[in-house]
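# Results of the structural survey
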Amino acid sequence: MSRREPNRKDSRLRSGSSLLDDLHEGDIHGAFGTIRVSDVTPRRTWRRRLLTLAAIIGPGLIVLVGDNDAGGVSTYAQAGQDYGYSLLWTLLLLIPVLIVNQEMVVRLGAVTGVGYARLISERFGRVWGVFSVAGIFLLNFLTISTEFMGVSLAGEYFGFKPLVVVPVAALILIAITISGNFRRWERAMFVFLFASLLVLPLAVLSHPDPGAALKGFVIPGVAGGLTSNSALFIVAVVGTTVAPWQLFFQQSNVIDKRITPRWLEYEKADTVIGALVVVIGAAAIMMATASAFMGTAGFGHYQDGLHIALGLHQHISPVAGALFAVVLFDASIVGASAVTLATSYAFGDIFGLRHSLHRGVRDAKLFYASYSVLVAVAAAIVLIPHAPLGLFTTAVQALAGIMLPSSTVFAVLLCNDRQVLGPWVNKPWLNAIAGVIIGAMLVLSLILVISTVVPSVDVTMLLVVLGSAAALVLVAGGAWSWIAGRGRPSEPQMSREERENWRMPALALLERPTWSLARRAAIVLLSGYLVLAIVLLTVKAVQLAMHR
């Protein structure tokens, strides 16, 4: 097992190297500190550990707080307006989902030095790489459009016309990214991250009902019962909280920040902090809007983020309305930057282009051009008159929820590939949790698909049947995996130092994994189902639009 040698002569891909960009190696220049490549001093005191965490923190916090983007803020606000406190329990369940999903790509990025899109393409074939990236390009483009919808609606609250505020936001996004300085970009992102903390005074000003909020957290349920529409919305809540683009972004951003296995525990801490912050923010928005709209004529009649701000203004105070509008604008900027970068990183991975924020525009023209074009086109779409912005946002978040299982499946497969991760492969318990996550997401999306085709179906009974079937499959799969693994020789133990220094060999030196017929059939079936589910989601969105 060899280490990947740094390539300093040029940044083009070579047959014996895993590198696409040689600037992905070097000193770590974080927003709050620097760690030199030569620094091998053990962190024995809490002061040294905290200073190291300050330098490392960034990718996990940005990707997860960035997940509370315009679509996220709008979806959580809709949850409060339409369902009161009853969906708060979904947020608690999503904490382990967030941590498990993102921890896998953190390991993949630090150990391999290769982006998620390129790993899929190299290990499973170009067809699967293109399939996964095509889906993420479509989803990300639609998601970026929702970010500018948030900008537009937030601007309208303060009296700014979309033709003014949307282009200004687009210029801000491009300006903070094309500087060719990773630390400058990360510091700019932290300014917006700190602004997102305004959700806390928003929740306090709204005076939520403590008893109803506690019940919403601990007793699963849906106000009005589980229906086709509420199933769609729960999928949207999951999709906006645990989005596929996060996998692509964090793995590439970990690589771009030059984080190696030596610093993995700190990056995992960064990810856990991000997961807790995003759930606290989501809960604050849900409780604020539930408090504002319950018992009013607007309860159950969500329109868009602008009407949420106006409702808070009317039912709570002008300050609450203004705070929500600022939070929506801030979330839109953070989300747009992260989602667009995730797309540009994947674009660079698939087409073998330089793609690092350490490079200036002259050294990475196509990387920054793809970023700027995405921003400009998404901004232009939002300026189309009379677009159903609220419905579009919900549909995009539901699409993210439907696409999540396939993205997670590839992460699990890669994290069990010993040629790729060596001593860093998944533990059996982690595979079990990932299996439960994938099963739960498939059950939710199947409910959405079946209830769309057969509107009269009993959704509660459907949940029981599909959930039971998924549980049986998971138990059978776990038993088979345990029996199959009993006869395998145990892997040789490595010291902590050996693990920290282990890196994936050059991709060209690895043998392509052999797929069993059952695994190939399962992946093809999942992909076919994904396409069908997307089509039926479109049908469901059109149905809802026609009834508005």
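Residues numbered from 1 in each chain as written. Predicted model: local features only at pLDDT ≥ 70, side-chain atom pairs only at ≥ 80, totals over all residues. Heavy atoms only, no water.

### Some points on the overall build of the protein chain
Counting its regular elements, the protein chain contains 22 helices and two strands. Long-range pairs, those at least 24 residues apart, make up 83% of the contacts in the protein chain with a sequence separation of at least 6. (Helix = DSSP H or I, 4+ residues; strand = E, 2+ residues; numbered from the N terminus. Contact = heavy atoms within 4.5 Å.)

### Considerations on the nonpolar core
Counting 164 residues, the largest nonpolar core has Leu87, Tyr116, Phe148, Trp245, Phe249 and Phe324 as the members making the most contacts within it. A total of 17 residues in this core trace back to one element, the largest contributor, which is helix H15 (residues 318–351). Leaving out residues up to four positions away in the same chain, Leu87 has contacts with Ala79, Gly221, Val222, Phe233, Ile234 and Met286. If you look at the next biggest cluster of nonpolar residues, it comprises seven residues, including Val443, Ile447, Val459 and Leu466. (Core = buried A, V, L, I, M, F, W, Y, C linked by side-chain atoms within 4.5 Å. Buried < 20%, exposed > 50% of the residue type's maximum accessible area, 1.4 Å probe, protein only.)

### Topic: the environment of Phe367
For Phe367, the position within the fold is in helix H16 (residues 365–382). Once the C-alpha coordinates of Phe367 and Ser356 are considered, the two residues, eleven residues apart in sequence, prove to be 8.0 Å apart.

### Concerning helix H7 (residues 162–177)
Taking 1.5 Å per residue, 16 residues should reach 22 Å; H7 reaches 23 Å between its end C-alpha atoms and fits that length. Considered for burial, the residues of H7 that qualify are Val165, Val166, Ala169, Ala170, Leu173, Ile174, Ile176 and Thr177. At its buried positions, H7 is contacted by helix H6 (126–157), helix H8 (182–195), H15 and H16. (Expected span 1.5 Å × (residues − 1).)

### Concerning the pattern of salt bridges
Oppositely charged side chains may form a pair once their charged atoms are brought near each other. All chains considered together, the criterion is met by ten salt bridges. A salt bridge links Arg107 to Glu103; the shortest N-O distance between them is 2.8 Å. Of this pair, Arg107 and Glu103 are both found in helix H4 (residues 88–112), four residues apart, which corresponds to roughly one turn of the helix. Its relative accessible area of 3% is what places Arg107 among the buried residues. Overall, Glu103 belongs to the buried group, its relative accessible area being 14%. In this structure, the salt-bridge partner of Arg262 is Glu500, at a minimum N-O distance of 3.8 Å. Of the two residues, Arg262 sits in the loop between helix H12 (244–256) and helix H13 (264–293) while Glu500 sits in helix H21 (residues 496–501), which places them 238 residues apart along the sequence. A relative accessible area of 18% means that Glu500 is categorised as buried. Among the charged side chains, a network of salt bridges with common partners joins Glu103, Arg107, Glu265 and Lys268. (Salt bridge = Lys/Arg side-chain N within 4 Å of Asp/Glu carboxyl O.)

### As for the packing of aromatic side chains
Evaluation of the coordinates by the stated rule reveals 14 aromatic pairs. Where Tyr116 meets Phe248, the ring centres are 4.9 Å apart and the plane angle is 75 degrees; that geometry is what we call edge-to-face. Of this pair, Tyr116 sits in helix H5 (residues 116–124) while Phe248 sits in helix H12, and the two are 132 residues apart along the sequence. For the pair formed by Tyr116 and Phe248, the shared burial category is buried. Consider the rings of Phe249 and Tyr345, whose centres lie 6.3 Å apart with planes at 55 degrees: the pair is tilted. A residue pair is termed long-range when its members are at least 10 positions apart, and Phe249 in helix H12 and Tyr345 in helix H15 qualify at 96 residues. On the basis of relative accessible area, Tyr345 is assigned to the buried category, the value being 1%. (Phe/Tyr/Trp six-rings, centres within 6.5 Å; stacked < 30°, edge-to-face > 60°.)

### Things to note about a nonpolar patch on the surface
Taken together, Phe32, Phe194, Leu197, Leu200, Val272, Leu276 and Ile280 make up a surface patch of nonpolar side chains, about 630 Å² in accessible area. Residue placement: Leu197 occurs in the loop between H8 and helix H9 (199–206). (Patch = residues over 30% accessible without salt bridge, like charges linked within 9 Å, V, L, I, M, F, W, Y side chains within 5 Å. Areas by Shrake-Rupley, 256 points an atom, 1.4 Å probe, with all protein chains shown as cover.)

### With respect to the packing of H12 against H15
It is at 8 Å that the axes of H12 and H15 come closest, and there the two elements cross at 70 degrees. In terms of orientation, H12 lies roughly perpendicular with respect to H15. Together, Trp245, Phe248, Phe249, Ser252, Asn253 and Asp256 of H12 and Ala338, Val339, Leu341, Ala342, Tyr345, Ala346 and Asp349 of H15 make up the contact between the two elements. In terms of residue class, the contact of H12 with H15 is built from nine nonpolar, two polar and two charged. (Axes fitted to C-alpha atoms, helices over the stretch in contact; angles between N-to-C directions. Parallel < 35°, antiparallel > 145°, perpendicular 65-115°, else oblique. Nonpolar A, V, L, I, M, F, W, Y, C, P; charged D, E, K, R; others polar.)

### Concerning unusual backbone geometry
The phi dihedral of His207 is positive, around 50 degrees, even though this residue is not glycine. Residue placement: His207 occurs in the loop between H9 and helix H10 (210–218). For Arg258, which is not glycine, the phi torsion reads 75 degrees and is therefore positive. If you trace the backbone, Arg258 turns up in the loop between H12 and H13. Classification of Arg258 as buried rests on a relative accessible area of 12%.

### Observations regarding the side chain of Asn68
Inspection of the secondary structure puts Asn68 in the loop between helix H2 (59–65) and helix H3 (70–83). According to the relative accessible area criterion, Asn68 is buried, its value standing at 12%. Those residues within four positions of Asn68 in sequence are excluded, and the remaining contacts are Val73, Tyr76, Val278, Gly281, Ala282 and Ala331.

### Some thoughts on the confidence of the model for the protein chain
For the protein chain, the mean per-residue pLDDT works out to 83, and 89% of the residues sit at or above 70. Note that pLDDT drops below 50 for residues 1–17; the model gives that stretch 40 contacts with residues more than four away or on any other chain. (pLDDT = per-residue confidence, 0-100.)

### Topic: the packing of H4 against H13
Between H4 and H13, the shortest axis-to-axis distance is 9 Å and the interhelical angle comes to 155 degrees. Between H4 and H13, the angle falls in the class roughly antiparallel. The hand of the H4/H13 crossing is right-handed. In terms of residue class, the contact of H4 with H13 is built from 18 nonpolar, two polar and four charged. (Left-handed = near helix turned anticlockwise from the far one by under 90°.)

### Looking at the environment of Thr260
The topology assignment puts Thr260 in the loop between H12 and H13. Residue classification places Thr260 among the partly exposed residues on the basis of a relative accessible area of 26%. Separated by 235 residues in the primary sequence, Thr260 and Glu25 place their C-alpha atoms 9.2 Å from one another. In contact with Thr260, not counting residues within four places along its chain, are Ala110 and Arg503.

### Points about the side chain of Ser152
Relative to the assigned elements, Ser152 resides in helix H6. The exposure class assigned to Ser152 is buried, which follows from its relative accessible area of 3%. Discounting residues that sit within four places of it in the chain, Ser152 has contacts with Pro162, Val165, Val166 and Val382.

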